[in-house]
Amino acid sequence: MSPRVVAGPTGPRNSEEMTIALPGGALWGETLDALDAAGIDTSEARSDTRQLTYAAGDFTLVQMRPSDVPTYVEAGAADLGITGKDVLLEQRDRALYELLDLRYGACRMVLAGRSGDERLGETERRLGAMRIATKYPRIAERWFEETGRQAEVIEVKGSVELAPLVGLADGIIDLVATGRTLLENGLEVREDIAPSTARLVANRVSHKLRAREVDDLVERLRKATWT
Amino acid sequence: MIHPIPPGTRDILPDEMRELRAIESSLVGVFDEFGYGQVATPTIEYDEVLKEGESRDTDPAYRFFDERGDLLALRSDMTIPIARLVSTRFRDAEPPFRFSYIGRAYRAVSPQRGQMREFMQAGVELLGAPAPAGTAEVIEVLCKALDAVGLNRAVVGLGDADLYRQLLTEVGVEEDAADMIVARLAAHDLVGIETEVDRLEGLDPAARKTLLRLPAMRGGAEVLEQAHELGGDAVERATQRLQSTYEAVAAKGLADRVLLDLGLLRDLGYYTGAILEVYDPALGHILGGGGRYDGLMKRFGSDLRAAGFALYIERLHIAQAEEERVARGGPR
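Just so we're clear, the structure is a prediction, and the values are computed from it rather than from any experiment.

Student: Outline the sheet that holds strand S9 (residues 258-261) of chain B, supporting the account with residue identities and numerical values.
Tutor: All names here are of chain B. Sheet architecture is open: 9 strands sit in the order S1-S5-S6-S12-S11-S10-S7-S9-S8, paired in mixed fashion. In this open sheet, the two edge strands, each paired with only one partner strand, are strand S1 (37-38) and strand S8 (218-219). Note that strand S6 (residues 118-127) and strand S12 (residues 306-312) share 7 bridges and pair antiparallel. Of the residues in S12, the one forming a bridge with Gln-121 is Tyr-312.

What follows is the structure, given as structure tokens:
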């Protein structure tokens, strides 16, 4: 088969709307507020339907798990995406542009242990390594490597606070916003690893070929979230 | 019986192979037309030789010993083997040298569509032709190659590997801090650049603005003017080389095909000066890249200045399919 020549102008496909991958869950509400403030009509996304994609003027909004956002954006299934910095740190080998700190959804990645309990230090001293449960195994491994310590990182998918309570781990690495969940489970912060907020990311090709539209949205979102 | 193959490799069956062969023969046609003779080099090389490339992300991933105990590696690109070939086999010949290749290379990437651990690259190397004329010739061949495989909407991003670092030096940023900032740029982390720039002490507010704005500047010729307006002489000096490359490309009538990108960096360690990336609007991944590697040949004992590009054949094929879908009005 000979290669097919496709008619069309060189350059960006301005005719098509841009797709934005949005995080469901904790960031969903503030993300829609930010988009509204940036002049993007999110009424369809707010309506109580069970859709996964929503029309919003020049944009198509797609709702997904925050940790799936980098996957869709890297592959170009979405031109832009919003997700937490925690997700980007955990998936740091993704080829994405990180364009803007949206400043909402603030929380911290921390290492926590049982309150008033020296088990963390003790296991490190006597057994050579801490056992740490986390949903963020790559952030955890990097943290221990950077701080020159040995740890056994145990990946769990559900409530990570459970692990030290029943003796699966000596401590946890997790994202905390207010610290209430830690407190309720008798845990306390021992080390601060990194702050996290919502970020705007872009596909590498969309960032180049749809530069004007991308930059326009960055400016609108900057005005909406930085004031 | 089901017998597995290693992760990141795949079998190619006749229907796909026919289309891949058509792409290859279109590319070879263009390479021939411009006088780039095709060469082949071994898939395996001495690890030591490949290490001359000193590239961070494309270090050979597959290494093994031969029967004599020598450490061998599967090549991770074609540029270094060709640099070796030229310095060894063409020591007394008169440059410039024009070579093309189509061959497999190997990288330890996480496998996904269009990004396998074993992949086909096609490209050219032009050795002994300095910037900007040599660079412009390579970009011309690249554009004709994209046209030949039907990707006439594809665009070549053009940047300069040293531009941002030079700008940091121009505005007086010390080397350690500059390393941190360039690392953020290499990771495409514009938020991180702002964080690092704001850590600098005693930075002039105008310089701060230039450092933050420049990596996002991309587009046509107006980008260079905007950059000059923003940063004055420091930017003028840092963008001089890019400007002359752009003028040489424009003189070939290819200005529309090129997207100037002041924030472009490539992760191959050997690039100096102009760098290229290829984008097609129908595909979310880059189709290939390249640039100048004026310093690389020195590591092989020659002082030839050189430039080249490589296209990922499998991605060209996917882009063709996506372009057909777009042309039919189908979903992305």
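That shown, we press on.
Student: Talk me through the confidence of the model for chain B; I want residue IDs and the actual numbers.
Tutor: Of all residues in chain B, 97% attain a pLDDT of 70 or more, and the chain-wide mean is 92. In the model output, the complex is listed with pTM 0.89 alongside ipTM 0.90.

Student: Describe the domain arrangement of chain A, listing the residues and the values that go with them.
Tutor: Residues and elements named next belong to chain A. Parsing chain A into structural domains produces domain 1 (4-106 + 197-225) and domain 2 (107-194). Each of domain 1 and domain 2 has a C-alpha centre, and the two are 32 Å apart. Contact with domain 1, which involves 8 residues of that partner, is made by 10 residues of domain 2. Interface area lost by domain 1 to domain 2 is led by Asp-86, Glu-90 and Arg-92, which between them contribute 65%. Scanning the region where domain 1 abuts domain 2 turns up 1 salt bridge.

Student: Kindly report on the packing of helix H1 (residues 14-33) of chain B against helix H10 (residues 313-327) of chain B, identifying the contributing residues and their values.
Tutor: Residue and element names in this part refer to chain B. Packing of H1 against H10 leaves a shortest axis separation of 10 Å and a crossing angle of 105°. One finds that H1 runs roughly perpendicular with respect to H10. Listed contacts from H10 to Glu-16, Glu-19, Leu-20, Ile-23, Glu-24 and Leu-27 of H1 are Ile-313, Leu-316, His-317 and Gln-320. A breakdown of the residues in the contact of H1 with H10 according to their chemical character gives 5 nonpolar, 2 polar and 3 charged.

Student: Summarise the layout of surface pockets; cite the residues concerned and give the values.
Tutor: Unoccupied space between atoms shows up once a probe the size of one water molecule is rolled over them. Taken as a whole, the second largest pocket encloses approximately 1,200 Å³ of empty space. Looking at the second largest pocket, it is lined by 49 residues, and the ones nearest its centre are Ala211(A), Asp215(A), Ala216(B), Met217(B) and Arg218(B). Mapped by element, the contributors of at least two residues to the lining of the second largest pocket are strand S5 (96-101), helix H9 (204-209) and helix H10 (211-226) of chain A together with helix H7 (190-199), helix H8 (205-213), S8, helix H9 (222-251) and S9 of chain B. Examining the composition of the lining of the second largest pocket, we find that 10 residues originate from one element, H10(A), more than from any other. Here the residues of the lining of the second largest pocket are counted per class, giving 22 nonpolar, 8 polar and 19 charged.

What counts and how
- Residues numbered from 1 in each chain as written.
- Chains lettered and ligands numbered in written order.
- Predicted model: local features only at pLDDT ≥ 70, side-chain atom pairs only at ≥ 80, totals over all residues.
- Heavy atoms only, no water.
- Pairing = 2+ DSSP bridges.
- Helix = DSSP H or I, 4+ residues; strand = E, 2+ residues; numbered from the N terminus.
- pLDDT = per-residue confidence, 0-100.
- Domains from an automatic or database assignment.
- Contact = heavy atoms within 4.5 Å.
- Buried area = accessible area lost by both parts, 1.4 Å probe.
- Salt bridge = Lys/Arg side-chain N within 4 Å of Asp/Glu carboxyl O.
- Axes fitted to C-alpha atoms, helices over the stretch in contact; angles between N-to-C directions.
- Parallel < 35°, antiparallel > 145°, perpendicular 65-115°, else oblique.
- Nonpolar A, V, L, I, M, F, W, Y, C, P; charged D, E, K, R; others polar.
- 1 Å grid on protein atoms, 1.4 Å probe; cavity = no way out; pocket = protein on both sides within 12 Å on 5 of 7 lines; lining within 4 Å.
- Points joined across faces, edges and corners; volume = space filled by probe spheres on them.

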